[in-house]
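# Structural features, examined
The lines below spell out each chain.
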Amino acid sequence: MSRTRTLAAGVAVAAFTALALSGCATTGGGGGDTGSTEKPAIDVGVSLQGKTICFGFSGSETEFWAAGIAAISDSLEAADARVIEHNSNEDPNKQLEQMNDCITQGVDGIIIIPEDGSSADTIIAEANKADIPIGVFNRPPASEDGAAIVAVADNRGVSAATMEHMVTEAEALGLDRKIRSIIMVGNLSDQNAVERRNGFYDVVDANPDLFEEPIEVQTNWDAATGQANLEAAMQANPEIDLLFTSSDFLYPQIRSVLEPLGLWKAAGEDGHVIMGGIDGDNRACNLLKDGFVDATGVQDLFTEAESLLTALAEAIDAGETDADELLLDPGFALTQDNVEEKEKDTWGCVITPPNS
Amino acid sequence: MSTTQKTAPPAAAPESARRVDGLHRFLAGEGFVLALIVVYVLAVSPFANGLLTERNAVNVLSNLWPLAIIVIGQSFVLILGGIDLSQTAVISVANTFGALFIAQTFAPALFSDTVFWGSVIGEEGGALSDAGLGGTVLAIVLTVAAGCLIGLLNGCAVAVLRMPPFMVTLGTMLLFGAVAIWMTRSENVTSLPPEYLAIGSTQGGGVASFLTLSMGVAVVVAIGAHYVLSRTTYGAWLYAAGTNRRTAVVSGVPHTRMVISAYVISAGLAALGSVLYSSRLGAGRPTLGDDMLLDVIGAAIIGGISLFGGKGSVLGAFLGALFFVILSNSLNLMNLPFHVVWVVKGLVIVAAALLDVGRNRLIGGRR
């Protein structure tokens, strides 16, 4: 009797577990675990009804990525696609396995936010081999060997435009010496980080009489690493005039380093450091309005997502498996001078920030 | 009549004892893991789209080979009653170190400030970038040697200094994880030669897609490890030392040498596994091993390698790795959210640890 009861309990537990697991399956294109508080869906233009899209991302650790993931997920759902979402938690090996598992399921298209450029290459090669069109969002592949639709910001141009404004502000200070500047560099295996650094140096190199040799602070796209390295840099160089961050998500760390030194001041106050960065997120938008930040290079997140999804949907519709296209988002610099005019075009100023 | 009544119970007792003993042996052996795999696959296949397709079999095997090699390495240490947490750091260090030698180019903007610039690497590539197949083979040897060196350090700390394995390997995991990042300042080493990339790639269709170099390496390692553990004095000593250290030492087992060699094998095979991973990813990655510990330890326990030492086999380790790979694969195919996959994996490992305790109670000191 007790054996029967044990067996029955075992079967019940197994059945419950199976039901629970199948109930967790993501088949309806939900927002997954991105934690968005809004649904910024985009009109893809082509119906994806009956199509299955695999969407792989490497994490949602910053406001930009969280908003981007939410925008893509919600837009695919709005286009009636069946969405398979995979979060690889910044593990490129896991992301490759997840994408291979998607290919096994015979998906109609793939969208990835890769961990970095080289892992994008590997996944694009797998998709090409399986004749499945693939789109890459905002993080470009390291090489142009594979066929993929790549939506990416003109990081170099946007960085340079942001720096141009910062230089104008620095010149207005009327310093009797050269400008002491810091650049917080991203992970340089990511092409976005490389191009943002290039954009910064384009302006510095164009003004050799204006700048001392910039101080480079490595962040590797990691908040703790960035904070520790900035602290060390500020100890060695306590007097700086200008700080450029390769991503807006680092502002809390920058503030925690500058504030104790009396350097976290709004424009016009004594001790103000001219600051700018890239992304155009909600935090940067608010800091810019409060005067702490002078400029931010805005990647038009919604335009990038829209152009990518539309191009991928059209490729699927046309049966084009080797779609190969670069969709460049020109972006713009949001500054103290144009914030009233450009605020409505800045994604970080118009949406409630998703959890990141 | 009375004689029959008296003799019947003793005849029945050995029969039932044999059955119980057989059940115990099944639960403790590789047959149980194999049965678990078959039952699991049959149970989830209706929910996991494409699980039983040829394409998926290629995926599963591609994921299996490197993990199996690393789990087999871990088994040597677990059988000895230790644990090697530093395998993840070995994977990160070794695959990056080896890739540095054979990469065809290095961007000065990314690598000119790294420690090997101007010696091992330069703008024209690594020191062995022009050496063709021989250079690639030598780079793999250096990769494995780097792993063995870390294993030697672990082994000496555990055997000679009598430090707890958990603390030693936890420390070296952090230490060498940082070394991996320091070597390239966290940059991936790309532009690897085709000879190296061929190790992790699948060619052609049908049977050819299953016959990869990775498979060859893993099978050779598995056969070699099985021979060492089951057919040599070294293997017998390893089990003896893992079952009861004092008895083994009294019996003449060279315990210090056994411990050092087990950690060297564990790290060496972790380094070899890292070659397979990095070749299929097309880059040496200083963070490659960061998330692998759960899979390695989980697979070993499921495969019947006891955390208490003295028990386990290469076949069990191999099947444990296969189960873990199928588990991951099927959860992906069921399109479960990221956090659910981790919850399930965690529960499976806890269940396996519980099973390990049960097995030890059932079969005692036998293996």
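Note that the structure is a prediction, hence the values are computed from the model and not measured.

The rules behind these values
- Residues numbered from 1 in each chain as written.
- Chains lettered and ligands numbered in written order.
- Predicted model: local features only at pLDDT ≥ 70, side-chain atom pairs only at ≥ 80, totals over all residues.
- Heavy atoms only, no water.
- Helix = DSSP H or I, 4+ residues; strand = E, 2+ residues; numbered from the N terminus.
- Rg over C-alpha atoms; globule rule 2.2 N^0.38 Å.
- Buried < 20%, exposed > 50% of the residue type's maximum accessible area, 1.4 Å probe, protein only.
- Contact = heavy atoms within 4.5 Å.
- Areas by Shrake-Rupley, 256 points an atom, 1.4 Å probe, with all protein chains shown as cover.
- Disulfide = S-S within 2.5 Å.
- pLDDT = per-residue confidence, 0-100.
- Core = buried A, V, L, I, M, F, W, Y, C linked by side-chain atoms within 4.5 Å.
- Salt bridge = Lys/Arg side-chain N within 4 Å of Asp/Glu carboxyl O.
- Polar contact = N/O pair within 3.5 Å; in protein donor to acceptor, adjacent residues only side chain to side chain.
- Pairing = 2+ DSSP bridges.
- Axes fitted to C-alpha atoms, helices over the stretch in contact; angles between N-to-C directions.
- Parallel < 35°, antiparallel > 145°, perpendicular 65-115°, else oblique.
- Nonpolar A, V, L, I, M, F, W, Y, C, P; charged D, E, K, R; others polar.

Quick look at the overall build of chain B now. Looking only at helices and strands, chain B has 15 helices and 2 strands in total. Compactness check: chain B gives a C-alpha radius of gyration of 23 Å against a globular reference of 21 Å for 367 residues, within 12% of the reference. Burial statistics for chain B: of 367 residues in total, 53% are counted as buried. A sequence separation of at least 24 residues applies to 78% of the contacts in chain B between residues at least 6 apart. On chain B, roughly 15,400 Å² of surface is accessible, and the fraction owed to carbon and sulfur atoms is 70%.

In this fold, N154 of chain B is placed in helix α6 (residues 132–159). We classify N154 of chain B as buried; its relative accessible area is 0%.

Structurally, a disulfide amounts to a covalent bond that connects the sulfur atoms of two cysteines. Taken as a whole and judged by the stated rule, the model has 2 disulfides over all chains. Paired by a disulfide, C54 of chain A and C102 of chain A hold their sulfur atoms 2.1 Å apart. On the sign convention where negative is left-handed, the bridge of C54 of chain A and C102 of chain A, at about 65 degrees about the S-S bond, is right-handed. Of this pair, C54 of chain A sits in strand β1 (residues 52–57) while C102 of chain A sits in helix α3 (residues 92–104), and the two are 48 residues apart along the sequence. The residue that forms a disulfide with C285 of chain A is C349 of chain A, at a sulfur-sulfur distance of 2.0 Å. Across the S-S bond of C285 of chain A and C349 of chain A the torsion is about 115 degrees, and the bridge reads as right-handed. A residue pair is termed long-range when its members are at least 10 positions apart, and C285 of chain A in helix α9 (residues 282–290) and C349 of chain A in helix α12 (residues 347–350) qualify at 64 residues. With relative accessibility at 17%, the residue C349 of chain A sits in the buried group. Cysteine pairing for chain A (bonded cysteines numbered in sequence order): 1-2, 3-4. With no disulfide partner, C148 of chain B has as its closest neighbouring cysteine sulfur the one in C156 of chain B, 13 Å distant. For C148 of chain B, a relative accessible area of 23% puts it in the partly exposed group.

Attention now moves to helix α13 (residues 293–302) of chain B. All names here are of chain B. Where burial is concerned, most of α13 is hidden: 8 out of the 10 residues are buried. All buried positions along α13 are accounted for by D295, V296, I297, G298, A299, A300, I301 and I302. Looking one or two residues beyond α13, the residue adopting positive phi is G304, at roughly 90 degrees.

Right, let's talk about the confidence of the model for chain A for a bit. For chain A, mean pLDDT is 86; residues scoring 70 or higher make up 85% of the total. Between residues 1–39 of chain A, whose pLDDT stays under 50, and residues either more than four places distant or in other chains, the model counts 51 contacts.

Grouped together as the largest cluster of nonpolar side chains are 217 residues, with contacts concentrated most on I110, M163, I182 and I254 of chain A. At 14 residues, the largest contribution of residues to this core is made by helix α12 (residues 255–281) of chain B. Setting aside residues no more than four positions away along its own chain, I254 of chain A makes contact with M184, L230, L243, T245, W264 and M275 of chain A.

Once that is clear, we can look at the interface of chain A and chain B. Counting residues at the interface gives 37 residues for chain A and 35 residues for chain B. Applying the counting criterion to the chain A and chain B interface returns 3 salt bridges. Applying the counting criterion to the chain A and chain B interface returns 12 residue pairs in polar contact (both at pLDDT 80 or more). Counting only elements with at least two residues in the side of chain A that touches chain B, the list comes to α1 (2–24), β2 (82–87), α3, α4 (117–129) and α6 (191–206) of chain A. Looking at the side of chain A that touches chain B element by element, the count peaks at 10 residues for α3 of chain A.

Within a regular strand, side chains alternate between the sheet's two faces. Residues and elements named next belong to chain A. Of the two faces of strand β12 (residues 332–335), the one holding F332 and L334 and the one holding A333 and T335 are both buried throughout. Two strands pair when backbone bridges link them, and strand β10 (residues 295–298) and β12 are joined in this way by 4 bridges, in the antiparallel orientation. Bridging from a neighbouring strand, T296 pairs with L334 of β12.

Here we come to the packing of helix α10 (residues 233–243) of chain B against α12 of chain B. Residue and element names in this part refer to chain B. Following both chains from N to C, one finds α10 and α12 inclined at 100 degrees, their axes separated by 10 Å at the closest point. One way to sum up the angle between α10 and α12 is to call them roughly perpendicular. Between α10, through Y234, W237, L238 and A241, and α12, the contact on the second element is made entirely by H255, M258, S261, A262 and I265. Residue composition of the contact of α10 with α12, grouped by class: 7 nonpolar, 2 polar and no charged.

Right, let's talk about the pattern of salt bridges for a bit. Residue and element names in this part refer to chain A. Under the defined criterion, the tally for this structure stands at 15 salt bridges over all chains. One salt bridge connects K129 with E126, and the closest N-O pair in it is separated by 3.9 Å. A residue pair is termed a helical-turn pair when its members lie 3 or 4 positions apart in one helix, as K129 and E126 do in helix α4 at 3 residues. Close ionic contact of E212 with R180 constitutes a salt bridge, the shortest N to O distance being 3.4 Å. Here E212, found in the loop between α6 and β7 (215–218), pairs with R180, found in the loop between α5 (155–172) and β6 (181–185); they are 32 residues apart in sequence, far enough to count as distant. Look at E212 and you get partly exposed, because its relative accessible area is 32%. Owing to a relative accessible area of 24%, R180 belongs among the partly exposed residues under this scheme.

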